[in-house]
Amino acid sequence: MGQKVNPISLRLGIIKDWSSRWFARKDYADFLHEDIKIRKFIKNKLPFAGISAIEIERVGEKIRIGLHTARPGIVIGRKGQDIDRLRTDLEELTKKEVNIDIREIKKPSIDAYLIAENIAQQLVRRVGYRRAMKRAVSMAMENGAGGVKVTCKGRLGGAEMKRTVWYRKGRVPLHTLNADIQYGQTEALCSYGKIGVKVLIFHKIIGADTGENLGTDVIS
């Protein structure tokens, strides 16, 4: 179970919350596809902003978007011009009123998605996969992670056959439901094919009634 189930979905309603928070009856499919479009648009618009997660809430005809980013300055822009432009573009895309909250990631080196993205970028630049993975694991442990597991799968190093290589340091209790485990995955588009990168980071054991987001500040 621990190896095949997404650790976030396994903990939903226990210590994790949904990344999209709204309720719908007839418009469920429309809202779902609109959320996918919003996330793709933001990722394409801000590829270098270090965006780890995008949370979407709906209240009536209003949409509230929370951006977890390691580089809030890139999102906000000079005198707030970039975030105003992003808000206008999203309102044109959705035809609804949009509010954006920026939540700064204080420690990008222990954010699972940002680590996976960093490894993928190194693989595209032809950095050795073993070196990239070991460096990411070491940096995460040095910055306070309780445990890290990094997995790369594909034609590693341009090999003829795909294979899976993983490194783990510390403890990653996948079966403990109140263990705060962060999960991130992405793909490296190399010249010899795609390489999948998955990262699991264990922060700490928390109570079943506290679903806190670790390592973030809200910038209003």
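Before any of the text, the structure's been laid out above.
One structure accompanies this document, and this report is about it. (Residues numbered from 1 in each chain as written. Predicted model: local features only at pLDDT ≥ 70, side-chain atom pairs only at ≥ 80, totals over all residues. Heavy atoms only, no water.)

## Some details on the overall build of the chain
Argument step 1. From N to C terminus, the chain includes six helices and nine strands.
Argument step 2. Its C-alpha radius of gyration of 18 Å places the chain within 12% of the 17 Å reference for a compact globule of 220 residues.
Argument step 3. Judged by the C-alpha coordinates and their principal axes, the chain covers about 50 × 40 × 35 Å.
Argument step 4. When contacts within the chain are restricted to residue pairs at least 6 apart in sequence, those whose partners lie at least 24 apart make up 62%.
Argument step 5. Accessible area of the chain: about 12700 Å², with a carbon and sulfur share of 50%.
Argument step 6. Here the chain contributes 41 positively and 25 negatively charged side chains, and the mean placements of these two sets differ by 10 Å. (Helix = DSSP H or I, 4+ residues; strand = E, 2+ residues; numbered from the N terminus. Rg over C-alpha atoms; globule rule 2.2 N^0.38 Å. Contact = heavy atoms within 4.5 Å. Areas by Shrake-Rupley, 256 points an atom, 1.4 Å probe, with all protein chains shown as cover. Lys, Arg positive; Asp, Glu negative; His and termini not counted. Charge placed at Lys NZ, Arg CZ, Asp CG, Glu CD.)

## Concerning a nonpolar patch on the surface
Argument step 1. On the surface, Tyr28, Leu32 and Ile36 cluster together into a nonpolar patch covering about 270 Å² of accessible area.
Argument step 2. For Leu32, the position within the fold is in helix H2 (residues 28-45). (Patch = residues over 30% accessible without salt bridge, like charges linked within 9 Å, V, L, I, M, F, W, Y side chains within 5 Å. Salt bridge = Lys/Arg side-chain N within 4 Å of Asp/Glu carboxyl O.)

## Structural notes on the packing of aromatic side chains
Argument step 1. Going through the model one piece at a time under the given rule, you end up with two aromatic pairs.
Argument step 2. Between the aromatic rings of Trp22 and Tyr28, the centroid separation amounts to 5.5 Å while the plane-to-plane angle is 55°, which identifies the pairing as tilted.
Argument step 3. Exposure remark for Trp22: the relative accessible area of 19% places this residue in the buried category.
Argument step 4. Under the relative-accessibility criterion, Tyr28 is labelled partly exposed at 46%.
Argument step 5. With centroids separated by 5.3 Å and ring planes inclined at 85°, the aromatic side chains of Trp22 and Phe31 adopt a geometry described as edge-to-face. Of the two residues examined, Trp22 and Phe31, each falls in the buried class. (Phe/Tyr/Trp six-rings, centres within 6.5 Å; stacked < 30°, edge-to-face > 60°. Buried < 20%, exposed > 50% of the residue type's maximum accessible area, 1.4 Å probe, protein only.)

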